[in-house]
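Listed here are the chains, written in short residue letters.
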Amino acid sequence: MNHEKLITLPCQYPEEAKNSFKKLIFEEAYLLFIVLGTGETVNKILDLATKAAGSNQDPGMVIWITDYTVVSDIIESLNDPLNKLNDLDNTYAFALSIIDKVVDVIKKDENKLDILRIWKSFQLALKG
Amino acid sequence: MKYILTLLFIVCVNINYGQSIWDLTESKPNGKEESIDSLLVYHNIDISSRILINFNQENIRKELSSLSNQETEIDRLINKVIILNELSKEGLKSLPKYSEGIIAYNKSKSNDEKIKILNSISDTISNLSLNLIGLSEEDDALRAVLNDAFYKAISDGDNSWSNVYLELFQASHKYALTLRMELDQLLENEGIYVQMAATLHRISNNEKQSIHIEGFDSFEPPEFYDPYELNLTLNDKQLDEIKNLQKACDSINKIGISKALSNYIDKFDTEIIKPIIDDLTESTTELLKESEKILKQDIPIDELEQTIISLKNSLILIQFELKHLYEKYSETDLSLNVETIKLILKDLQKLSGNVSSIVTDAKKIIKIIDDNKEVIPNNIELAINTFQDSIEKIITDKLDQGRTAINQVHSELTGYRTISEINKLSADFSDKVKKLDLKDLPKMTVLDIKNNTGYREEGDNVVLEMRSGKVNEKPKTLGKEYFTLIKTQAHIVTNVGIAFVKPNKGDENFTAVVSSNTLFKFGTKAKRTFYRKFIDVGVGVNISTLNFETDNPFEFGAAPVVSIFNDYLVSGYGYNFTQGDWYLLISIRVPFLMKELNF
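Residues numbered from 1 in each chain as written. Chains lettered and ligands numbered in written order. Predicted model: local features only at pLDDT ≥ 70, side-chain atom pairs only at ≥ 80, totals over all residues. Heavy atoms only, no water.

Caption draft 1: How the structure looks around the interface of chain A and chain B. Every contact between the two is made by 31 residues of chain A and, on the other side, 32 residues of chain B. Both faces considered, chain A and chain B share a buried interface measuring about 2700 Å² in area, 62% of it formed by carbon and sulfur atoms. Three residues stand out in chain A for area buried against chain B, namely A:Leu116, A:Trp119 and A:Leu126, and they jointly supply 26% of the buried area on that side. In this structure, the connection of chain A to chain B is made through three salt bridges. A:Lys120 is the salt-bridge partner of B:Glu137, the closest N and O atoms lying 3.1 Å from each other. The tally of links from chain A across to chain B stands at 18 residue pairs in polar contact (both at pLDDT 80 or more). Put simply, the parts of the chain that give the side of chain A that touches chain B at least two residues each are α2 (40–52) and α4 (115–127) of chain A. If one sorts the elements of the side of chain A that touches chain B by residue count, α4(A) sits on top with 10 residues. (Contact = heavy atoms within 4.5 Å. Buried area = accessible area lost by both parts, 1.4 Å probe. Salt bridge = Lys/Arg side-chain N within 4 Å of Asp/Glu carboxyl O. Polar contact = N/O pair within 3.5 Å; in protein donor to acceptor, adjacent residues only side chain to side chain. Helix = DSSP H or I, 4+ residues; strand = E, 2+ residues; numbered from the N terminus.)

Caption draft 2: Molecular detail of the environment of A:Asn19. Residues and elements named next belong to chain A. Checked against the element boundaries, asparagine 19 lands in helix α1 (residues 14–26). According to the relative accessible area criterion, asparagine 19 is partly exposed, its value standing at 47%. The spatial distance from the C-alpha of asparagine 19 to the C-alpha of leucine 9 is 9.6 Å, given a sequence separation of 10 residues. (Buried < 20%, exposed > 50% of the residue type's maximum accessible area, 1.4 Å probe, protein only.)

Caption draft 3: Representation of the sheet that holds strand β8 (residues 461–470) of chain B. Residues and elements named next belong to chain B. Spatially, five strands are ordered β3-β9-β8-β5-β6 in an open sheet, and the strand pairing comes out mixed. Two strands close off the open sheet at either side, each with one partner strand: β3 (42–46) and β6 (208–211). Going across the sheet, the axis of each strand differs from the next one's by a mean of 30 degrees, ignoring polarity. Of the pairings in the sheet, the one linking strand β5 (residues 192–201) to β6 comprises four bridges and is antiparallel in character. Directly across from histidine 201, in β6, lies its bridge partner lysine 208. Along the sheet, helix α2 (residues 57–64) makes contact with β5, β8 and β9 (476–486), crossing β9 at roughly 130 degrees. (Pairing = 2+ DSSP bridges. Axes fitted to C-alpha atoms, helices over the stretch in contact; angles between N-to-C directions.)

Caption draft 4: Quick peek at the side chain of B:Asp567. Counting through the fold element by element, B:Asp567 comes out in the loop between β13 (555–564) and β14 (569–576). Other than its neighbours up to four places away in sequence, B:Asp567 contacts B:Val493, B:Asn495, B:Leu519, B:Lys521, B:Asp536 and B:Arg589.

Caption draft 5: Looking closely at the sheet that holds strand β2 (residues 31–36) of chain A. Residue and element names in this part refer to chain A. Pairing is mixed in the open sheet, where five strands are placed in the order β1-β3-β2-β4-β5. Two strands in the sheet have a free side with no partner beyond their single neighbour: β1 (6–8) and β5 (102–107). Going from strand to strand, the sheet's axes swing by 20 degrees on average, the running direction of each strand aside. By the bridge criterion, three bridges tie β1 to strand β3 (residues 60–65) in an arrangement that is parallel. In the strand pairing of β3, isoleucine 7 is matched with isoleucine 63.

Caption draft 6: View of the environment of B:Ala104. Of note, B:Ala104 is situated in helix α3 (residues 71–107). Measuring from C-alpha to C-alpha, the distance between B:Ala104 and B:Thr518 comes to 65 Å, with 414 residues separating the pair along the chain.

Caption draft 7: Up close: helix α4 (residues 111–136) of chain B. Roughly 50 degrees is the biggest bend found in α4(B), and it falls at B:Ser122. Capping of α4(B) at its N-terminal end is provided by B:Ser110; its side-chain oxygen lies 3.3 Å from the backbone amide nitrogen of B:Asp112. (Bend = angle between axes of the 7 residues up to and from the residue.)

Caption draft 8: Representation of the confidence of the model for chain B within the structure. Residue and element names in this part refer to chain B. Model confidence for chain B is summarised by a mean pLDDT of 83, while 93% of its residues fall at 70 or above. With pLDDT under 50 throughout, residues 11–18 is counted as low confidence; its partners more than four residues away or in other chains account for 13 contacts. Every residue in residues 592–599 scores below 50 in pLDDT, and together they form 21 contacts with partners more than four places removed in sequence or on other chains. (pLDDT = per-residue confidence, 0-100.)

Caption draft 9: The arrangement of the packing of α3(B) against α4(B) in detail. All names here are of chain B. Interhelical geometry of α3 versus α4 gives an angle of 155 degrees and a closest axis separation of 9 Å. Looking at the two axes, α3 sits roughly antiparallel to α4. In terms of crossing hand, the pair formed by α3 and α4 is left-handed. Residue classes in the contact of α3 with α4 are distributed as 15 nonpolar, six polar and three charged. (Parallel < 35°, antiparallel > 145°, perpendicular 65-115°, else oblique. Left-handed = near helix turned anticlockwise from the far one by under 90°. Nonpolar A, V, L, I, M, F, W, Y, C, P; charged D, E, K, R; others polar.)

Caption draft 10: The pattern of salt bridges, seen in detail. Enumeration according to the criterion identifies 29 salt bridges over all chains in this entry. A salt bridge links B:Glu167 to B:Lys152, with the shortest nitrogen-to-oxygen separation between them at 3.3 Å. You can see B:Glu167 sitting in helix α6 (residues 161–189) and its partner B:Lys152 sitting in helix α5 (residues 140–155), a full 15 residues away along the chain. Using a relative accessible area of 11% as the deciding quantity, one classes B:Glu167 as buried. Under the relative-accessibility criterion, B:Lys152 is labelled partly exposed at 48%. Connected via shared salt-bridge partners are A:Asp104, A:Glu110 and A:Arg117.

Caption draft 11: Highlighting the pairing of β9(B). Residues and elements named next belong to chain B. Counting buried positions along β9 gives eight out of 11 residues, so the element sits mostly inside the fold. Here β3 pairs with β9 via five bridges, running parallel. The residue of β9 that forms the bridge with histidine 43 is phenylalanine 483. Examined bridge by bridge, β8 and β9 share eight bridges and lie antiparallel to one another. Bridging across to β9, valine 462 finds its partner in phenylalanine 483.

Caption draft 12: Highlighting unusual backbone geometry. Residues and elements named next belong to chain B. Unlike most non-glycine residues, asparagine 472 shows phi in positive territory, near 65 degrees. Looking at the element boundaries, asparagine 472 is found in the loop between β8 and β9. Relative accessible area serves as the criterion here: at 82%, asparagine 472 is assigned to the exposed category. We note that aspartate 536 has phi near 45 degrees; this positive angle belongs to a residue other than glycine. Assignment of secondary structure puts aspartate 536 in the loop between α14 (529–535) and β12 (538–546). By relative accessible area, aspartate 536 is classed as buried at 6%.

Caption draft 13: The arrangement of the nonpolar core in detail. In terms of nonpolar packing, the biggest core is built from 101 residues, with A:Phe33, B:Ile60, B:Leu447, B:Leu464 and B:Met466 touching the most fellow members. Sequence-distant contacts of B:Leu447, that is, excluding residues within four places in its chain, are made with B:Ser49, B:Arg50, B:Ile51, B:Ile53, B:Ala198, B:Ile211, B:Ile213, B:Val462, B:Leu464 and B:Phe483. Counting residues in each nonpolar core, the second largest holds 24 residues, with A:Phe21, A:Ile25, A:Ile75 and A:Leu85 among its members. (Core = buried A, V, L, I, M, F, W, Y, C linked by side-chain atoms within 4.5 Å.)

Caption draft 14: Quick look at the packing of α4(A) against α6(B). Packing of α4(A) against α6(B) leaves a shortest axis separation of 13 Å and a crossing angle of 115 degrees. You can see that α4(A) and α6(B) cross each other, and the crossing is left-handed. Between α4(A) and α6(B), the residues in contact are A:Leu116, A:Trp119, A:Phe122, A:Gln123 and A:Leu126 and B:Trp161, B:Val164, B:Tyr165 and B:Leu168, respectively. Considering only residue class, the contact of α4(A) with α6(B) consists of eight nonpolar, one polar and no charged.

Given below as C-alpha cells:
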C-alpha cells in the first residue's frame, strides 16, 4: 500500500473527521477516491487505490472513512446529479472530480475489482 | 458494441482515420518533401522524384476481409486492431501535454488555477484511457494485458500517472500487433496475398516498362538516366523530324507559304473531313436498307403485289368490257325484246366471270392484310428500335472516334495525356511481381522514379497499383495512383522546327528553313501543369540552316530567341554568319503535321 496517497479520517473523533473531510473536499484541488467501511475487500480496494493514485505529483488522493455515518451529512450534500450515492450501505467507494462532483461509484456487487477498475474511477474524476 | 462506440469516439475527436491503403510523400530532386493527397488519384510529380509509400496496414487488411471466408471474424479483428492502434497512437501523442500540465499543476499555489490546469489537460487523455478500459471490459485478454502493464508501470520505481499512461498505451499497441498477427495467419491460411507494381507508360511511343520496387518484385532496374542532364545532341526522333522538315521547307519555298497553307487545308478536307462524311453517309444508307428489310420481314409482299396487279388488270378488263357493252347496246332499239334481253344477259354473264376474279383478288388482299395485321405494327416497332439503336451506335462510335482524335491531338500538342487516356493505363503484374503474405508486407517502401525508371520524358505516366488475391480467384485492386511526370526544376530543352526567316537587306519575303532551338526553361510547381502545357516560356538560341544566297548551300545563322506557348512560337533576331546579314526569325514547332503532310 502506498501510504503517501492515503488519508484516513479519524472517525473516532467525529468533529475532527468532519472538518478534515470538508477541507479535503472543498479546499484542496485533488481528485478524491473515497473508500467506505472496513473488511477484506475494503483493504484490497485501499491497496489498489493507493497504487493507482499515482505519485506525489499526481492529483489523485485516497480517503478512507471507516464509519461513513460520521460524515454522512457531508456526503449527502455532495453534487451527485445521477444520484449514484443512493445506497451507501451497498457502496465500497466513490470518486469525486476536481469540482467535487460524484463521477463514479463502486458498488458491493461489482465483480471485477482490479487495479484497472480503480484507475477508471480516477480517470472519470480527471475527466470531470 | 464497445468497439463501435469507441470508433465513433475516434471520429468525434477527429483522429486521423482515413480509408486509404497508403500515405504517399513525394521526395523531390531539390530535397523537399511534400505529402501527396491520396483522396485524388491523379498526381503531377517531378520527373526525378522518389515516392515514399507508407502502408496503412489496417486499411489494407480491411479491404482484404471481403476475400476471406471468415469475413465477420476478420472484420472484428481488424476493427479491434484499428481502434487499439489509434487509441495508443493518440494516447502517446497527448502524453507530453499531460506531463507538462502536471508540472504546472504542482507549481501552482492557487486551487482555482490548479483546477483550471487540470481541466485543460484532462479531456483527451482521460477519454482515451477510459475508452481503453471500456474495451477491456469485453476482452479478458486485453484486460489482463492492461493490468500487467499497470503493475509494470508502478513497480519500476516511477508510479506517476504519466508512466502508467505510457505503459498502458504501449501495451495496447503491442496487443494490437498480436491481434494483427492472428489476423494475418487467418488470411494466409486462406491463401490471400498482396502484390504491388508500378509501370512507366511513355507518351511518345506508347511503350511501357515495369519499375522495380524494393521488396515487391525481381525486376532489374535499367541504366540510370538523369532527365535534367544537359544534352545538346539531337535524338533519333528529332533527326527523323529534321528530314521531314527539310522536305516540307523545300515544298513551302517552292510553292509559297499561302499556297502551302491552302494545300494543307485541302488535304485536311480530303483526308479527314471527307472520309468522315462518306463514312456517315454509308452508315445511314445501310441503316435505311436494314430498316426497310425489317419492315417487310414475314409479310408476303411479293404475293400482295402480284394480287394487286391481278386486281388492277381485272378492273381494266371490266372497264373495257362495260364500255364495249355500252357502245353495243346504246344504239340498239330499246324496246327490249326478248332476244335483246337474252343477249344482254349473256354478255353480263360473261362479264360476271371477270367480276368474280376481282372479288377473289380483293378477298386475297384482305386476307393478306388480315393475316399480317399483327406483324406490321411489330415490324414497325422493331424497325424503329433498330433504327434508334443503330443511330445511337453510330453517334457513340463517332463520338469515341472524335474523343480519340481529340486525345491524340491534345497529346501531340501538349505532350501530355488527357485524364481519360491516363485512366486507361494500368500497372503490369507479370510473373516477376511477388505475391506477398500479409506478414511480409513492409511498413513502407519507395517508388524510386529517379533511380529505377531509366529513360523517361516529361508527359510520361507512371501507374502504381496494389492488388490482392486468393489462389484461383480474380485479383482485386486495393489502390491505384496515376502520376504524370513533369520537370519542376529549371532545365534546358532542345527541339527542332520550321523557322520563317526574313533577311534585313532587300525585299525578300519570308522563307522556310529548318532550325533547332536550345532553350532554358524556368522551374515551376508540379501543380501548374497549365503553365507547362500551354505557356512554358523559354529563352535561348536558335540555329538555322539558311538559304539567303541560292548558290550557297552551306549558310547558317544563330539568333537569341524567346519561346512561348510550349515552344510553338519562337521569335528572335539572328545573324547569318555566312552572308554577314541580320534576319528576323519566327519559328514554329510542328510536332505532327510535318510528319504526315507534304505541301
